[in-house]
Amino acid sequence: MKTAFITGVTGQDGAYLAKLLLDKGYDVHGGVRRSSQPETTRLDLLGITNAVTLHDFELTEPNSISRVIRDIPMDEFYNLAAQSFVGASWELPVYTADADGMAVVKILDTLRTFRPETRFYQASTSEMFGLVQEVPQSETTRLYPRSPYGVAKVYGHYITMNYRESFGMHASSGILFNHESPLRGTDFVTRKITLGLAKLAHGGATPIELGNMDAKRDWGYAGDYVEGMWRMLQQDQADDYVLATGETFTIRQFFDFAAEALGMQLEWAGTGPDEIAVDVKSGKRVMQVNPKFYRPAEVDLLIGDASKAHRKLGWRPTVAVKELAAMMVQFDYDMLALHRSPQISKSPDDQLPHYIWTQDEFASQHSQTGSARC
Ligand code: NAP
Ligand code: GDD
C-alpha cells in the first residue's frame, strides 16, 4: 500500500484527490490548518472524513512542515494548500507570497533532507500566464503573472523545477487551468454564479453582483484534474504538464449555461459597469455589474494546450463546460431544496447529481452530518 500526504486536503482539489487515492488503495494523510472549528465539509460530502488521517499543518510555519515530513513515511507528497483566491492576493500580498511561494521551497528542502525519494507534486497554475504571451498556452509559454498570487506561484513553479534539476528529486509541477465542481469555494466566479442562480430559482430576489464579464477562462471539472495530478507522479521521470480543456468562454457565457440549465431565458443589456441580465420568464433581474469586483490587473484570456498531457499521461478531460455549469447549478439547487423541504432527503435518487457520490453514500453522509452546506 502506498502512502500519500496531501496539503490542503480540506479544499476542493484536496478532497477529490483524497477520494481518488483512497479508491486506489492508498493510505491517505492530509494536512489541516488550525481553526476555531474543524472544517471538513468537503470530505464529509464525499464520505471520506474518517478514511483520511488528518494532521495539523500550517504552510507558513516551517516547524509544522518539518514535523509532518519527518514523522510520516510517505511515497507521494501533493502540495495543494495555498491562499488560492486571486482577488484576495492584492489585500494579502505578503501572506500570499509566504504561503504560495516560500512554503514550497521549505517543503522541497525538508523533503530533500528527510525523504529525498518521496515524489512531489506542486499545484502550479494558468494564472502564471497572466498577460498571455501566446495563444493557446503550453508548458513552454513565457510567464507574465498579473497578481501577487500569480507571482508567488511562479516562484513555487520555478523552485520545483530547480530542485528537480539540482538534486534529481522526483518533483513535478502541474500547470492547471481553472477547474470547478460543486465543491468549489463560493468566492470563485462559477460557484458564485451557480449558487446565486439557485437561490433566485428558489424564489430569491437578489441579483448576483459580478465584476468583469468579458474575461475568458478554460474551465474543466476538478475530478478530471486530480486524476492528472496522480498520473504525473506515476511517471518514471518527473516533469511539468499543462492540464486544460482547450476551450475558452466568457463569464457571461458561463452564466448563460448555468441559467439555461435551470430553465431560465436571459436577456442581456448594457455594457461595462451598466451591464445587467434579466430572466424573461420571471421578469427578475438576475445579474448586475458592481465595479468593486473588478481587479487591479486582469487576466483577460486563458486557453490551454494540454497536448503533452494527452500524449505522455494519456490524460483527457471528460466534462465540457456546459455540462459542468449544469452539474454545479443542479447541485446548488438540490442542496437548497434539501434545506427547505426535509421530505426530499428521503428520496434523493432523482434529486442529486451522480458525479460526486452514490445515492447511498449521500444518504448516509446526510444522516451523519445533519445537513450538507451549500
Ligand atoms: P481551495 O479549495 O481554496 O483549497 C485550498 C486549501 O489550502 C484548503 O484546504 C485550505 O484550508 C488550505 N490552506 C490555505 N492556506 C493554508 C495555510 N496557510 N496552511 C495550511 N493550509 C492552508 O483551492 P483548490 O481549488 O482546491 O486548489 C488547490 C491548489 O491548486 C491551490 O494551490 C491552488 O492555488 C491551485 N490551483 C487551483 C486551480 C483551480 O482552478 N481550482 C487551478 C490552478 C491551480 P482551509 O480549508 O482551512 O481554507
Ligand atoms: N471571483 C470573482 N468574483 N471573479 C469574477 C467576478 C466576481 O464577482 N466577476 C467577474 N469575475 C472574473 C474575474 O475578474 C476573473 O477574470 C474570472 O472571473 C475568474 O475569477 P475566479 O473564479 O476568481 O478565478 P481565477 O481565474 O481568478 O482564479 C482561479 O483559477 C486559477 C487558475 O487560472 C483560482 O482557482 C486560482 O487559484 C487558480 O490558480
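Above this text sits the structure in question.
## Here's the deal with the overall build of the protein chain
Here is step 1 of the chain: Helix and strand counts for the protein chain come out as 11 helices and 15 strands.
Here is step 2 of the chain: Taking 21 Å as the expected radius of gyration for a compact globule of 374 residues, we find that the protein chain reaches 21 Å, a close match to that expectation.
Here is step 3 of the chain: For the protein chain, the C-alpha atoms occupy an extent of roughly 65 × 50 × 40 Å along the three principal directions.
Here is step 4 of the chain: Within the protein chain, the proportion of its 374 residues that are buried is 54%.

## So, the pairing of strand 1 (residues 3–7)
Here is step 1 of the chain: Within strand 1, five of the five residues are buried, which leaves the element mostly enclosed by the surrounding structure.
Here is step 2 of the chain: Alternating positions in strand 1 separate into two faces, T3, F5 and T7 on one and A4 and I6 on the other, with burial throughout.
Here is step 3 of the chain: Two elements, strand 1 and strand 2 (residues 27–32), share five bridges in a ladder whose sense is parallel. Along strand 2, the bridge assignment pairs T3 with D27.
Here is step 4 of the chain: Of the crossover connections in this fold, the one passing from strand 1 over helix 1 (residues 12–23) to the parallel strand 2 is right-handed.
Here is step 5 of the chain: Taken together, the four bridges between strand 1 and strand 4 (residues 76–79) define a ladder with parallel strand orientation. Across the sheet, residue F5 finds its bridge partner in strand 4, namely F77.

## Observations concerning the site of ligand 2
Here is step 1 of the chain: Ligand 2 sits among 24 residues. The nearest are T125, S126, Y149, R295 and E298.
Here is step 2 of the chain: In the environment of ligand 2, an oxygen atom lies 2.6 Å from a nitrogen or oxygen atom belonging to the side chain of T125.
Here is step 3 of the chain: Between ligand 2 and R184 there is a distance of 2.9 Å, counted from an oxygen atom to a side-chain nitrogen or oxygen.
Here is step 4 of the chain: Across the shell around ligand 2, the residue classes tally to 10 nonpolar, six polar and eight charged.

## Brief notes about the sheet that holds strand 6 (residues 171–176)
Adjacent strands of a sheet form backbone hydrogen bonds with each other and so pair up, either parallel or antiparallel.
Here is step 1 of the chain: Taken together, the seven strands give an open sheet; going across it, the order is 3-2-1-4-5-6-11, and neighbouring strands pair in parallel fashion. Since the sheet does not close on itself, it has two edges, and those belong to strand 3 (53–56) and strand 11 (240–243), each with one partner. Put simply, the sheet's adjacent strands are angled 20 degrees from each other on average, direction ignored.
Here is step 2 of the chain: Pairing geometry for strand 4 and strand 5 (residues 119–125), over four bridges, is parallel. Residue pairing for strand 5: N79 is matched across the bridge by Q122.
Here is step 3 of the chain: The strands touched by helix 1 are strand 1, strand 2 and strand 4; relative to strand 1, the strand with the most contacts, the crossing angle is about 175 degrees.
Here is step 4 of the chain: Across the sheet, helix 4 (residues 93–114) is in contact with strand 4, strand 5 and strand 6; its angle to strand 5 comes to roughly 170 degrees.

## Some points on the site of ligand 1
Here is step 1 of the chain: Taken together, 24 residues sit near ligand 1, with T10, D13, R33, S84 and Y149 positioned nearest.
Here is step 2 of the chain: One of the backbone N or O atoms of L59 is found 3.0 Å from a nitrogen atom in ligand 1.
Here is step 3 of the chain: Within the contact set of ligand 1, an oxygen atom lies 2.9 Å away from a backbone nitrogen or oxygen of H179.
Here is step 4 of the chain: Within the complex, 89% of the 900 Å² of free accessible area of ligand 1 lies under protein.
Here is step 5 of the chain: Put simply, the parts of the chain that give the shell around ligand 1 at least two residues each are helix 1, strand 5 and helix 5 (148–167).
Here is step 6 of the chain: Broken down by element, the shell around ligand 1 gets its largest block of residues, three residues, from strand 5.
Here is step 7 of the chain: Classifying every residue of the shell around ligand 1 gives 10 nonpolar, nine polar and five charged.

## Looking at helix 1
The α-helix winds at 3.6 residues per turn, so residues separated by three or four positions along the chain end up facing the same way.
Here is step 1 of the chain: Its 12 residues place the ends of helix 1 17 Å apart at the C-alpha level, agreeing with the 16 Å of an ideal helix rising 1.5 Å per residue.
Here is step 2 of the chain: Helix 1 sits mainly inside the fold: 10 of its 12 residues count as buried.
Here is step 3 of the chain: Looking at the residues trailing helix 1, positive phi occurs at G25, about 90 degrees.

## Re the pattern of salt bridges
Here is step 1 of the chain: In total, this model carries 13 salt bridges according to the counting rule given.
Here is step 2 of the chain: R184 is paired through a salt bridge with E180; the nearest N and O atoms lie 2.7 Å apart. Comparing R184 with E180, the two get one shared label, buried.
Here is step 3 of the chain: Taking the shortest distance from any N to any O, the salt bridge between K308 and D239 comes out at 3.1 Å. With K308 in helix 9 (residues 307–313) and D239 in the loop between helix 7 (222–233) and strand 11, the pair connects residues that are 69 residues apart, well separated along the chain.
Here is step 4 of the chain: When its relative accessible area of 15% is taken as the criterion, K308 is described as buried.
Here is step 5 of the chain: Linked through salt bridges whose partners overlap, the residues forming this network are D214, R252 and E275.

## Some remarks on the sheet that holds strand 8 (residues 208–210)
Here is step 1 of the chain: The strand order across the open sheet formed by four strands is 8-15-14-13, and the pairing between neighbours is mixed. Two strands lie at the open edges of the sheet, namely strand 8 and strand 13 (266–269), each paired on one side alone. Averaged over all pairs of adjacent strands, the angle between strand axes in this sheet comes to 15 degrees, irrespective of strand direction.
Here is step 2 of the chain: As judged from the four bridges shared by strand 13 and strand 14 (residues 276–279), these two strands associate in the antiparallel manner. The partner of W268 across the bridge, within strand 14, is A277.
Here is step 3 of the chain: Of the strands in this sheet, strand 8 and strand 15 (285–289) touch helix 6 (residues 189–201), which is tilted by about 160 degrees from strand 8.
Here is step 4 of the chain: Packed on one face of the sheet, helix 8 (residues 251–261) meets strand 8, strand 13 and strand 15 and runs near 155 degrees to strand 13.

The rules we used
Residues numbered from 1 in each chain as written. Chains lettered and ligands numbered in written order. Predicted model: local features only at pLDDT ≥ 70, side-chain atom pairs only at ≥ 80, totals over all residues. Heavy atoms only, no water. Helix = DSSP H or I, 4+ residues; strand = E, 2+ residues; numbered from the N terminus. Rg over C-alpha atoms; globule rule 2.2 N^0.38 Å. Buried < 20%, exposed > 50% of the residue type's maximum accessible area, 1.4 Å probe, protein only. Pairing = 2+ DSSP bridges. Right-handed = clockwise from strand over helix to strand, strands pointing away. Near = heavy atom within 4 Å. Polar contact = N/O pair within 3.5 Å; in protein donor to acceptor, adjacent residues only side chain to side chain. Nonpolar A, V, L, I, M, F, W, Y, C, P; charged D, E, K, R; others polar. Axes fitted to C-alpha atoms, helices over the stretch in contact; angles between N-to-C directions. Contact = heavy atoms within 4.5 Å. Areas by Shrake-Rupley, 256 points an atom, 1.4 Å probe, with all protein chains shown as cover. Expected span 1.5 Å × (residues − 1). Salt bridge = Lys/Arg side-chain N within 4 Å of Asp/Glu carboxyl O.

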